[in-house]
Amino acid sequence: MRTLYFDCFAGASGNMILGALIDAGLGAEHLLPEIKKLGLDGYEIDISKVDRSGISSTHVDVRVPHEHKHRHLHHIEKIIDDSALTKSVKDRSKKIFLRLAEAEAKVHGTDIAKVHFHEVGAMDAIIDVVGACIGFEMLGIERFACSKIHVGSGFAEMEHGKFPVPPPAVAGLLQGVPIYSTEIQGELMTPTGAAIISTLSATYGEIPQLTVETTGYGAGTRTYESFPNVLRVMIGETAAHSNSESLLQLETNIDDSPPQDLGYFMDRAFEIGALDCWFTSIQMKKNRPAVKISLLIRAEDRVKCLDLLYSETTTIGVRVMSVDRHFLEREEGELETEFGNVRVKVALHGNNKKVTPEYDDVKKLATEHKVSLRKIRGAAMRAFAATERAKS
């Protein structure tokens, strides 16, 4: 599986990601015509080789005209939707901006639809995000991983005043992500960089087992003495099976919540995108019976699932783990039985097929015909067997 690893020892920004991709072999002559498909006017992109504390790296400077208006999420989505870019680039770009909007809405205590972007809604940020998504597609990236993130220290000047590093939006975007700070002063991780990386990365920490094909360095604008202000990306093949995916598992222990609340939590978890949710009976300190809540989620759903845990349960801390899930190829179909049609899921394992009738259909027909669930399932299995015999 073609994997990109973000090595954020000096944080990351949108233009650093673009620079690193170009440095890793993404041809600017192919990238720039694709960015033009956004239909934006008046910008210039300057690409140059620079030295950052002895490391030759690529710096991308997106120069745009001064804009007097702030954009809302729907304005940015319209720019992307109206472009001539591929659907996959559009979808990934919009997912990143949605994540930005969620973080900004939480900081300002407002609706996503009412959030008006400042720096991250400007034309240069749109070019950075969409340009990065174009680059990922052109380089054939299938999976993303990231190091622990160096966020910098001190204070940063923003539109609303001076804020500590990391500023509120970045802190929200990096919720559940391992970060650290050193004596290096300044905002090393920008909102645009945080949104791109936290939306796409499935795992954080050490470099995964990777056969490296190319490495690229994207330069930040600031220079430091004896500190390379660059983002390194490493691109190569991991040995992951094609039927595998990297997910996150959230866990927390609860010993003081009414059972009705837990039932409501599970319903809400599935509504917002959890792939699985389960409860395990455990024994906690002072011999208290308790429940361990486990959620299996995709990386991009981390923030909203953490928010749900903190808002709908009594927990004050959540464990976040990276897990790999292997799965069988699946097919879906519909079978005609003497009781009515039943949808089925078929999992393929070599020449073997595991068939599961859809429970909602089975329940509906059993209720209508006043027969057992077992009878409806049996009818569905017989129909499936007849279909398989007809194929052979």
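See the structure printed just above.
Structural notes, computed from the coordinates. This structure is a prediction, so every number in the text was calculated from the model and none was measured. (Residues numbered from 1 in each chain as written. Predicted model: local features only at pLDDT ≥ 70, side-chain atom pairs only at ≥ 80, totals over all residues. Heavy atoms only, no water.)

1. Some thoughts on the nonpolar core
Then step 1. Ranked by internal contacts, the top residues of the largest apolar core, which has 62 residues, are Phe-6, Phe-136, Met-189 and Ile-197.
Then step 2. Sorting elements by how many residues they give to this core places helix H5 (residues 123-138) first, with nine residues.
Then step 3. Discounting residues that sit within four places of it in the chain, Phe-6 has contacts with Ile-17, Phe-136, Phe-144, Ala-145, Cys-146, Ser-147, Ile-197, Ser-201, Leu-231, Arg-232 and Val-233.
Then step 4. Within the second largest apolar cluster, 18 residues are counted, among which are Ala-269, Cys-277, Cys-305 and Leu-306. (Core = buried A, V, L, I, M, F, W, Y, C linked by side-chain atoms within 4.5 Å. Buried < 20%, exposed > 50% of the residue type's maximum accessible area, 1.4 Å probe, protein only. Helix = DSSP H or I, 4+ residues; strand = E, 2+ residues; numbered from the N terminus. Contact = heavy atoms within 4.5 Å.)

2. Overview of the sheet that holds strand S19 (residues 340-349)
Then step 1. If you walk across this open sheet you meet the three strands as S18-S19-S20, and the pairing is antiparallel. A single partner strand is all that each edge strand has here, and the edge strands are strand S18 (329-337) and strand S20 (352-357). Between one strand axis and the next, the sheet turns by 30 degrees as a mean value, whatever way the strands run.
Then step 2. Taken strand by strand, helix H10 (residues 359-369) contacts S19 and S20, and its axis lies near 150 degrees from that of S19.
Then step 3. Sheet contacts for helix H11 (residues 373-391): S18, S19 and S20; angle to S18, the most-contacted strand, approximately 105 degrees. (Pairing = 2+ DSSP bridges. Axes fitted to C-alpha atoms, helices over the stretch in contact; angles between N-to-C directions.)

3. Section: helix H8 (residues 259-271)
Then step 1. Between its terminal C-alpha atoms H8 stretches 19 Å, which fits the 18 Å expected from 13 residues at 1.5 Å a residue.
Then step 2. For H8, the full list of buried residues reads Leu-262, Phe-265 and Ala-269. The buried side chains of H8 occupy one side of the element, clustering within an arc of 55 degrees when seen end-on. Structural note: H8 exposes Gln-260 and Glu-271 on the side pointing more than 90 degrees away from its buried face. (Expected span 1.5 Å × (residues − 1). Arc of directions from axis to C-beta.)

4. Some details on the pattern of salt bridges
Then step 1. Counted by the stated rule, this structure contains 21 salt bridges.
Then step 2. Its salt-bridge partner being Lys-353, residue Glu-388 comes within 3.1 Å of it at the nearest N-O pair. With a gap of 35 residues between them, Glu-388 in helix H11 and Lys-353 in strand S20 connect regions that are remote in the sequence.
Then step 3. The partly exposed category is assigned to Lys-353, whose relative accessible area is 37%.
Then step 4. A single network of salt bridges, built from pairs that share partners, joins Glu-44, Asp-61 and Arg-63. (Salt bridge = Lys/Arg side-chain N within 4 Å of Asp/Glu carboxyl O.)

5. Points about the pairing of S19
Then step 1. For S18 and S19, the ladder comprises nine bridges, and the chain directions are antiparallel. The residue of S19 that forms the bridge with Glu-332 is Lys-345.
Then step 2. Sheet topology places S19 next to S20; six bridges connect them, and they run antiparallel. Residue pairing across strands places Ala-347 opposite Lys-354, the latter belonging to S20.
Then step 3. Taking the residues between adjacent antiparallel strands as the criterion, S19 and S20 are bridged by two residues, where Gly-350 takes a positive phi near 65 degrees.

6. Focus on the state of the cysteines
Then step 1. Under the definition given, this model contains zero disulfides.
Then step 2. A disulfide-free cysteine, Cys-8 has its sulfur positioned 3.7 Å from the sulfur of Cys-146, the nearest such atom.
Then step 3. With no disulfide of its own, Cys-305 has Cys-277 as its nearest cysteine by sulfur position, at a separation of 9.2 Å. (Disulfide = S-S within 2.5 Å.)

7. Examining the sheet that holds strand S15 (residues 276-284)
Sheets are built from strands that pair by backbone hydrogen bonding, the pairs being arranged parallel or antiparallel.
Then step 1. Read across the open sheet, the four strands follow the order S15-S16-S14-S17; overall the sheet is antiparallel. Two strands in the sheet have a free side with no partner beyond their single neighbour: S15 and strand S17 (319-326). Direction aside, the axes of adjacent strands within the sheet are offset by 30 degrees on average.
Then step 2. Lying on the sheet, H8 is in contact with S15 and strand S16 (288-297); it crosses S15 at an angle near 150 degrees.

8. So, the packing of aromatic side chains
Then step 1. Counted under the stated rule, the structure contains four aromatic pairs.
Then step 2. Here the aromatic rings of Phe-6 and Phe-144 are separated by 6.1 Å at their centres, their planes lie at 10 degrees, and the arrangement is stacked. Residue Phe-6 is located in strand S1 (residues 2-7), and its partner Phe-144 is located in strand S4 (residues 143-146); the two are separated by 138 residues in the primary sequence.
Then step 3. Look at Phe-144 and you get buried, because its relative accessible area is 4%.
Then step 4. With centroids separated by 5.6 Å and ring planes inclined at 85 degrees, the aromatic side chains of Tyr-224 and Phe-227 adopt a geometry described as edge-to-face.
Then step 5. Every member of this aromatic cluster is reached through a ring pair, and the members are Phe-6, Phe-136 and Phe-144. (Phe/Tyr/Trp six-rings, centres within 6.5 Å; stacked < 30°, edge-to-face > 60°.)

9. Considering the packing of H5 against helix H7 (residues 191-200)
Then step 1. Relative to each other, H5 and H7 sit at 30 degrees, their axes nearing to 10 Å. Crossing geometry of H5 relative to H7 is assigned as right-handed. Touching Ala-125, Asp-128, Val-129, Ala-132 and Phe-136 of H5 are Thr-192, Ile-196 and Leu-200, all from H7.
Then step 2. Class assignment of the residues belonging to the contact of H5 with H7 gives a composition of six nonpolar, one polar and one charged. (Left-handed = near helix turned anticlockwise from the far one by under 90°. Nonpolar A, V, L, I, M, F, W, Y, C, P; charged D, E, K, R; others polar.)

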